[in-house]
Amino acid sequence: MAQDLRVLFVASEGVPFAKTGGLADVVGALPLALKELGVDVRILMPYYGAVKQGNIPTAPVAENLDVHTGLGTISCDIMAPTQGDHPFYFVARDEFFERSQLYGTPQGDYFDNLERFAFFSAAVLPFCQALDFQPHLIHCHDWQASLVPVYLRCRWWGEPLLAGARTLLTIHNLAYQGLFPKEKFPLLGLDWSLFSINGLEFYDKINLLKGGIVFADAITTVSHRYSIEIQTPEFGYGLEGVLKSRAGSLFGILNGVDYKDWNPETDPLIHANYSLADPKGKAKDKAGLMEAFGLSKNLAQAPLLGIISRLADQKGFDLVEAVLPQLMARDVMVVILGTGEEKYHRWLAGEAKKYPGKLGVKIAFDNALAHLIEAGSDMFLMPSRFEPCGLNQMYSLKYGTIPVVRATGGLADTVTQVGHVTGAGTGFLFEDYSPEAFLKCIYTALAAFEDKRLWRRIMQNAMSQDFSWNKSARAYLDLYQRLME
Ligand code: ADP
């Protein structure tokens with residue numbers, strides 16, 4: 001059955017072409033794992049400036065396709081890589097996608113994101129027609145692709161090519177819903193009757209994600225815990241009621257890790273490779289990391305705490321801000337790599353000046369440095385307010401970099417609390433979203449670090465965890481097959 005299954009991924013980013021966060025990792029890796037299970041997967045993504053100017057050359061495979069949108073009929077080309085084995089296709093329309101960023105700048109979102117992603121979603125039909133690709137299932141990701149299930153049910157029902165297609169919507173982060181003023185509704189090319197409580201309306205605005213939740217055949221989130229959390233007011237961002245009404249079709253499937261990219265035994269981006277059996281190289285990576293951030297050599301024996309993150313409220317930076325002075329009062333080093341909201345850029349630049357040699361900050365998106373931080377740190381901090389899945393804590397486990405995380409979403413599903421007596425467990429968790437709880441948890445981890453035998457044991461527990469994509473891909477395949485029945 002998997003042999004005959006044709007699946008179209010519709011997503012707004014994917015490795016190795018364009019990335020702002022975990023979604024791109026999923027879109028880069030899951031199709032390959034599904035392919036190994038025999039599924040024919042293709043991915044449709046916008047043709048951003050980053051793709052056009054990227055290292056992988058592309059060429060048109062279809063030109064001048066008519067895309068019917070609320071703005072009228074607009075043409076697009078479909079591009080595809082000419083090198084490598086990437087099952088990606090791109091919707092090209094420069095006025096929408098050839099920009100410096102994917103969704104907006106640090107100052108704010110692009111003003112025409114509704115037009116951009118409505119156009120992208122509407123291009124699914126002409127894409128399938130031009131390539132004569134008849135998917136059994138369309139797997140849509142996040143708000144940017146949430147119009148696809150709506151279009152399928154409300155606009156394309158007469159199209160034989162897509163008549164039998166099922167849809168699955170994966171929510172990678174419920175905080176991003178694609179909210180727009182209702183005046184833009186006509187641009188979606190949908191009947192006004194869909195601007196209702198049972199459709200895309202949300203407190204007098206358009207909510208694209210809600211459309212996907214209402215119209216997709218099934219919905220998944222990227223961890224089991226998060227699929228439960230989002231049905232509550234604390235995590236539901238106003239959509240908890242709609243999600244609850246779809247609880248029978250809402251599932252949690254944990255993201256996997258691409259161990260081809262994230263494995264200290266083979267990682268080409270770190271200073272020295274190492275493994276569970278032979279962890280010596282990690283010390284060299286720590287030295288390299290300290291040097292990269294200009295940290296004081298006198299602190300070589302002190303624990304090094306790493307953070308790699310989008311600089312957004314979700315990630316708990318108010319907690320980091322609150323505990324930093326106490327942390328810096330100890331023999332501890334901290335390195336932070338991130339980009340995001342302007343207020344955090346300013347704050348971090350200031351802090352870095354206050355604690356030279358102890359606090360290293362880089363405001364950038366730097367994949368090579370992210371790898372070195374995973375390898376060279378002793379602990380990894382992730383005090384997220386909420387975390388749909390989180391990848392960095394899983395990378396950290398593999399690199400023997402012990403996660404100190406808030407017990408929420410995917411963090412709670414992937415990190416197990418260290419027991420002091422038994423030495424079992426892979427990291428340190430705290431429940432309350434408060435500086436006190438976070439600090440206490442860090443102190444517990446720092447105390448464990450002093451006990452070299454215990455620490456080695458925790459590292460062994462962490463490094464032997466397996467979150468490979470194969471398991472997640474099987475869970476998706478199982479769901480696809482249930483949806484086809
Ligand atoms: P989210 O998707 O919420 O941003 P995840 O932990 O799921 O968080 O995934 C983040 C991904 O982006 C990881 O692969 C992480 O290494 C990467 N990443 C985030 N910020 C940076 C950065 N500044 N430089 C390099 N990689 C980053």
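Residues numbered from 1 in each chain as written. Predicted model: local features only at pLDDT ≥ 70, side-chain atom pairs only at ≥ 80, totals over all residues. Heavy atoms only, no water.

## Concerning empty space enclosed by the protein
- Taken as a whole and assessed by the stated rule, the structure comprises 1 cavity of 30 Å³ or more.
- Put simply, the largest cavity is a space of about 50 Å³.
- What lines the largest cavity is simply Ile 307, Ser 309, Lys 315, Phe 317, Val 320, Leu 381, Met 382, Pro 383 and Ser 384.
- Taken together, the residues of the lining of the largest cavity break down into 6 nonpolar, 2 polar and 1 charged. (1 Å grid on protein atoms, 1.4 Å probe; cavity = no way out; pocket = protein on both sides within 12 Å on 5 of 7 lines; lining within 4 Å. Points joined across faces, edges and corners; volume = space filled by probe spheres on them. Nonpolar A, V, L, I, M, F, W, Y, C, P; charged D, E, K, R; others polar.)

## Concerning the sheet that holds strand β16 (residues 333-340)
- If you trace the 6 strands from one edge of the open sheet to the other, you get β17-β16-β15-β18-β19-β20, paired in parallel fashion. Each edge of the open sheet is held by one strand with a lone partner, namely β17 (359-363) and β20 (428-430). Within this sheet the neighbouring strands show an average axis-to-axis angle of 15 degrees, counted without direction.
- As defined by bridge partners, β16 adjoins β17 across 5 bridges and the pair is classed as parallel. The partner of Ile 336 across the bridge, within β17, is Val 361.
- Along the sheet face, helix α17 (residues 435-450) touches β15 (304-311), β18 (379-382), β19 (402-406) and β20 and points at about 165 degrees away from the line of β20. (Pairing = 2+ DSSP bridges. Helix = DSSP H or I, 4+ residues; strand = E, 2+ residues; numbered from the N terminus. Axes fitted to C-alpha atoms, helices over the stretch in contact; angles between N-to-C directions. Contact = heavy atoms within 4.5 Å.)

## Observations concerning the environment of Phe 120
- Within the secondary structure, Phe 120 is located in helix α4 (residues 113-122).
- Measuring from C-alpha to C-alpha, the distance between Phe 120 and Gln 101 comes to 16 Å, with 19 residues separating the pair along the chain.

## Considerations on the domain arrangement of the protein
- Segmenting the protein into domains produces domain 1 (2-256 + 469-484) and domain 2 (281-463).
- With centres defined by C-alpha atoms, the gap from domain 1 to domain 2 works out at 33 Å.
- With 21 residues of domain 1 at the contact, the number on the domain 2 side is 21 residues.
- Carbon and sulfur atoms supply 57% of the area that domain 1 and domain 2 bury against each other, a total of about 1,600 Å² over both sides.
- At the surface where domain 1 touches domain 2, the tally comes to 0 salt bridges. (Domains from an automatic or database assignment. Buried area = accessible area lost by both parts, 1.4 Å probe. Salt bridge = Lys/Arg side-chain N within 4 Å of Asp/Glu carboxyl O.)

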